[in-house]
Amino acid sequence: MATKVYIVYYSMYGHVDKLAQEIQKGASSVEGVEAKLWQVPETLPAEEFLDATGGLWQQQKLVGKPAGLFTSTASQGGGQETTLLTAVTQLAHHGMLFVPTCYGSGHGMYEMEKVKGGSPYGAGTLAGQGTRMPSELELEQAFFQGKHIATIAKKLKASD
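What you see is a predicted model; the values in this text were computed from it and never measured. (Residues numbered from 1 in each chain as written. Predicted model: local features only at pLDDT ≥ 70, side-chain atom pairs only at ≥ 80, totals over all residues. Heavy atoms only, no water.)

*Asks:* I would appreciate a short explanation of helix 4 (residues 80-94) in the present structure.
*Replies:* Every α-helical turn comprises 3.6 residues, leaving residues that sit three or four positions apart pointing alike. With 15 residues, helix 4 ought to run about 21 Å at 1.5 Å a step, and its terminal C-alpha atoms sit 22 Å apart, in line with that. Taken together, the buried positions of helix 4 are Gln80, Leu84, Leu91 and His94. Along helix 4, the residues classed as buried sweep out an arc of 45° about the axis, all on the same side. Seen from the open side of helix 4, the exposed residues pointing more than 90 degrees away from its buried face are Thr82, Ala92 and His93. Next to the buried residues of helix 4 lie helix 3 (54-59), strand 3 (66-67), strand 4 (71-73), strand 5 (97-98) and strand 6 (124-126). (Helix = DSSP H or I, 4+ residues; strand = E, 2+ residues; numbered from the N terminus. Expected span 1.5 Å × (residues − 1). Buried < 20%, exposed > 50% of the residue type's maximum accessible area, 1.4 Å probe, protein only. Arc of directions from axis to C-beta. Contact = heavy atoms within 4.5 Å.)

In structure tokens form, the structure reads like this:
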């Protein structure tokens, strides 16, 4: 039976959707993993979506499941690391295992010449005024993140 990886995301302008698709490609590149996209409806505020997971929390359905985070901000100083680290609290309440992208991924983590989003906590992109789509460096980090989480999910499933 395949290991299932769900990429759950909220995207109003397509930036995060592009990252999610690349994460899906990375996860699907791991043999025996089935990766699916699930977009939160744009009409549902993110806070309401998180509040709606209360039933899963109450039943402890997500305990021990690996999870990663990814984001988009308007600028380099837009708070990508703060956004991701703040979201880790939601994962902790569910008992999920946070899987960061880390610096070991390479993929431009040390790049200083090009404008780029992302951090060791998760993939990211800079949307600018809404017209900038993810760069190749940002997409490479997203692919790595998907592959990394899928590899860990597969190992965890095998140890059950």
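*Asks:* Mind showing me how you'd approach unusual backbone geometry here?
*Replies:* Negative phi is the rule for most residues except glycine; trans is the rule for most peptide bonds. Of note in the backbone geometry, Gln60 takes a positive phi value of approximately 60° without being a glycine. Summarising the element assignment, Gln60 is placed in the loop between helix 3 and strand 3. At Cys102, a residue that is not glycine, the phi angle is positive and equals roughly 70°. Among the secondary structure elements, Cys102 is positioned in the loop between strand 5 and strand 6.

*Asks:* Help me understand the side chain of Thr3, please; the structure alone is not making it clear to me.
*Replies:* Summarising the element assignment, Thr3 is placed in strand 1 (residues 3-9). On the accessibility criterion, Thr3 (7% relative accessible area) is buried. Once residues within four sequence positions are removed from consideration, Thr3 is found in contact with Gly32, Val33, Glu34, Ala153, Lys154 and Lys157.

*Asks:* Please explain the layout of surface pockets as it appears in this structure.
*Replies:* Picture a little ball the size of a water molecule; that probe, rolled over the atoms, points out where space is still empty. Considering only enclosed or pocket space, the largest pocket measures out at about 1700 Å³ in volume. Around the largest pocket sit 47 residues that line it, and Tyr6, Val8, Ala67, Gly68 and Leu91 are the ones nearest its centre. Of all the secondary-structure elements, those providing two or more residues to the lining of the largest pocket are strand 1, helix 1 (15-28), helix 2 (46-51), strand 3, strand 4, helix 4 and helix 5 (136-159). Residue composition of the lining of the largest pocket, grouped by class: 31 nonpolar, twelve polar and four charged. Within this model, the second largest pocket holds a volume of roughly 200 Å³. The wall of the second largest pocket is formed by Gln76, Gln80, Glu81, Glu111, Met112, Lys114, Lys116, Gly117, Gly118, Ser119 and Leu126. (1 Å grid on protein atoms, 1.4 Å probe; cavity = no way out; pocket = protein on both sides within 12 Å on 5 of 7 lines; lining within 4 Å. Points joined across faces, edges and corners; volume = space filled by probe spheres on them. Nonpolar A, V, L, I, M, F, W, Y, C, P; charged D, E, K, R; others polar.)

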